[in-house]
Amino acid sequence: MFIKRNAILLLVSLVIPGALRAQAQRPQAQSPISGGRVDPVTDNDTVRSISPFFVPATTKKKSTDSEGFIQRWLLLEPINKSIRTNLVFTVNYLKTQFDTAYFPNQFMGIPKDKEKVKVGDQELTWHALESPTFNVKLFRLAYGLKKHTYSVLFWAVTVVESPREIKNVRLAVGSNGGSTWWLNEQEAVVLDGDRRMVMDDCVSTRLTLNKGKNIIRGALINGPGLSNFCVRFVDEQGQPIKDLTISLQ
């Protein structure tokens with residue numbers, strides 16, 4: 001009996017560690033939507049919407065909000081990326097990511113609502129939308145459209161119309177995570193590093209708003225965490241410029 005009991009204990013001591021190792025090595029289930037581990041709450045949410053975080057943009061010109069923030073944008077569905085950590089968002093990293101040609105006319109022209117582009121094996125759609133708040137919530141856009149919410153790159157475009165030429169303005173931006181913004185095809189401001197969205201987190205050098213149409217183009221990349229941004233123009237005293245209108249053409 002003593003020998004039999006020792007044999008059983010030896011067998012158990014060999015089987016259990018092997019089972020634990022196999023469990024540890026088994027890959028975690030991946031979410032087809034978030035691109036990360038399965039979240040039973042969000043991934044089982046089959047009824048999704050971008051409301052109330054966005055409403056469809058109209059063709060009418062729209063003013064900035066009371067604090068000068070731009071709420072109307074053309075937003076491209078997220079480009080899937082492989083990002084393990086946001087600590088890689090150096091200026092050089094962002095330049096490499098944002099200089100990559102993902103789709104035709106990336107830095108030229110103004111996309112149209114519902115226009116489609118091909119990025120690798122992804123077919124992505126532009127959406128003309130308005131945010132009811134100053135904070136443009138890209139995470140909610142991706143979630144509502146059943147796209148990847150993490151490890152993604154977004155593109156945003158809008159048209160600012162100024163009633164006059166305005167010199168010495170600054171483009172003030174907040175974003176979560178890294179982003180780069182262009183005014184009239186010229187790079188204006190870069191937000192590098194792993195950061196949270198804070199209004200006016202970074203401001204550009206002095207710029208000139210042309211009388212009439214001015215195009216803002218932005219690219220934002222993020223790994224883990226939420227993705228959002230806010231953009232406005234401020235004068236030399238740091239006060240918001242409010243007499244601007246926003247269109248998408």
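Now for a description of the structure that goes with this document.

A few words on the overall build of the chain. From N to C terminus, the chain includes 3 helices and 16 strands. Evaluated residue by residue, the chain yields a buried proportion of 45% over its 249 residues. Intrachain contacts of the chain at a sequence separation of at least 6 include 78% that bridge at least 24 residues. A total of about 13,500 Å² of accessible surface is found on the chain, and carbon and sulfur atoms cover 55% of it.

Bringing the nonpolar core into the picture now. A general feature of soluble globular proteins is that nonpolar side chains tend to end up buried together. The biggest cluster of nonpolar side chains holds 34 residues, and the ones touching the most others in it are Trp-73, Leu-75, Leu-171, Trp-181, Ile-216, Phe-229 and Phe-233. Ignoring sequence-local partners within four residues, the contact set of Phe-229 consists of Trp-73, Leu-75, Phe-134, Asn-135, Val-136, Leu-138, Ala-156, Gly-174, Ser-175, Trp-181, Met-197 and Leu-220. One finds Ile-79, Tyr-102, Phe-103 and Val-157 within the second-largest nonpolar core, a separate group that totals 23 residues.

A word on the pattern of salt bridges. What the rule picks out here adds up to 12 salt bridges. A salt bridge links Glu-236 to Arg-206; the shortest N-O distance between them is 2.8 Å. Linking Glu-236 in the loop between β15 (228–234) and β16 (245–247) with Arg-206 in the loop between β12 (202–203) and β13 (207–209), this pair joins segments that are 30 residues apart in sequence. Taking relative accessible area as the criterion, Glu-236 reaches 44% and is therefore assigned partly exposed. Taken together, the shared-partner salt bridges in this structure form one network comprising Glu-67, Asp-200 and Arg-232.

Here the focus is the packing of aromatic side chains. To describe a pair of aromatic rings, one takes the distance between the centres and the angle between the planes. With the rule as written, the count across this model stands at 13 aromatic pairs. Summarising the aromatic geometry, the rings of Phe-103 and Trp-126 are spaced 6.1 Å apart at their centres and angled 80 degrees between planes, so their arrangement reads as edge-to-face. Placement of the pair is Phe-103 in the loop between α2 (91–99) and β5 (116–119) and Trp-126 in strand β6 (residues 122–130), with a sequence separation of 23 residues. With 5.9 Å between their ring centres and 15 degrees between their planes, Trp-155 and Trp-182 make a pair best called stacked. You can see Trp-155 sitting in strand β8 (residues 152–162) and its partner Trp-182 sitting in strand β10 (residues 178–183), a full 27 residues away along the chain. For the pair Trp-155 and Trp-182, a shared accessibility class is recorded, and that class is buried. Here a set of aromatic residues connected by ring pairs shows up, and it is made of Phe-98, Phe-103, Phe-107, Trp-126, Trp-155 and Trp-182. The ring of Tyr-143 has Arg-48 sitting right over it, with the charged end atom 3.9 Å from the ring centre. In this structure, Arg-140 packs its charged tip against the face of Tyr-143, placed 5.8 Å from the ring centre.

Here the structure, examined in full by the defined rule, presents 1 cavity of 30 Å³ or more. The calculated volume of the largest cavity comes to roughly 40 Å³. Of all elements in the fold, only β8 and β14 (212–222) reach the threshold of two or more residues within the lining of the largest cavity. Broken down by class, the residue content of the lining of the largest cavity amounts to 9 nonpolar, 1 polar and no charged.

This part takes up unusual backbone geometry. At the junction of Ser-51 and Pro-52, the peptide bond is cis and its omega measures out at 0 degrees in the coordinates. Examined against the element boundaries, Pro-52 turns out to sit in the loop between α1 (2–25) and β1 (55–56). Cis peptide bonds are those with omega within 30 degrees of zero, and the linkage from Asn-176 to Gly-177 qualifies with 5 degrees. Mapped onto the fold, Gly-177 is located in the loop between β9 (166–176) and β10. Phi at Ser-151 takes a positive value of approximately 55 degrees, unusual for a residue other than glycine. With respect to the helices, strands and loops of the structure, Ser-151 is situated in the loop between α3 (138–144) and β8.

Here we take up the side chain of Ser-175. Positionally, Ser-175 belongs in strand β9. Within polar-contact distance, the side chain of Ser-175 engages the backbone oxygen of Gly-177 at 2.6 Å. Within the structure, Ser-175 has its side chain in polar contact with the side chain of Ser-179 (distance 2.9 Å).

Conventions and cut-offs
- Residues numbered from 1 in each chain as written.
- Predicted model: local features only at pLDDT ≥ 70, side-chain atom pairs only at ≥ 80, totals over all residues.
- Heavy atoms only, no water.
- Helix = DSSP H or I, 4+ residues; strand = E, 2+ residues; numbered from the N terminus.
- Buried < 20%, exposed > 50% of the residue type's maximum accessible area, 1.4 Å probe, protein only.
- Contact = heavy atoms within 4.5 Å.
- Areas by Shrake-Rupley, 256 points an atom, 1.4 Å probe, with all protein chains shown as cover.
- Core = buried A, V, L, I, M, F, W, Y, C linked by side-chain atoms within 4.5 Å.
- Salt bridge = Lys/Arg side-chain N within 4 Å of Asp/Glu carboxyl O.
- Phe/Tyr/Trp six-rings, centres within 6.5 Å; stacked < 30°, edge-to-face > 60°.
- Lys NZ or Arg CZ within 6 Å of the ring centre and 35° of its normal.
- 1 Å grid on protein atoms, 1.4 Å probe; cavity = no way out; pocket = protein on both sides within 12 Å on 5 of 7 lines; lining within 4 Å.
- Points joined across faces, edges and corners; volume = space filled by probe spheres on them.
- Nonpolar A, V, L, I, M, F, W, Y, C, P; charged D, E, K, R; others polar.
- Polar contact = N/O pair within 3.5 Å; in protein donor to acceptor, adjacent residues only side chain to side chain.

Bear in mind that shape data such as this cannot, by itself, settle questions of function.
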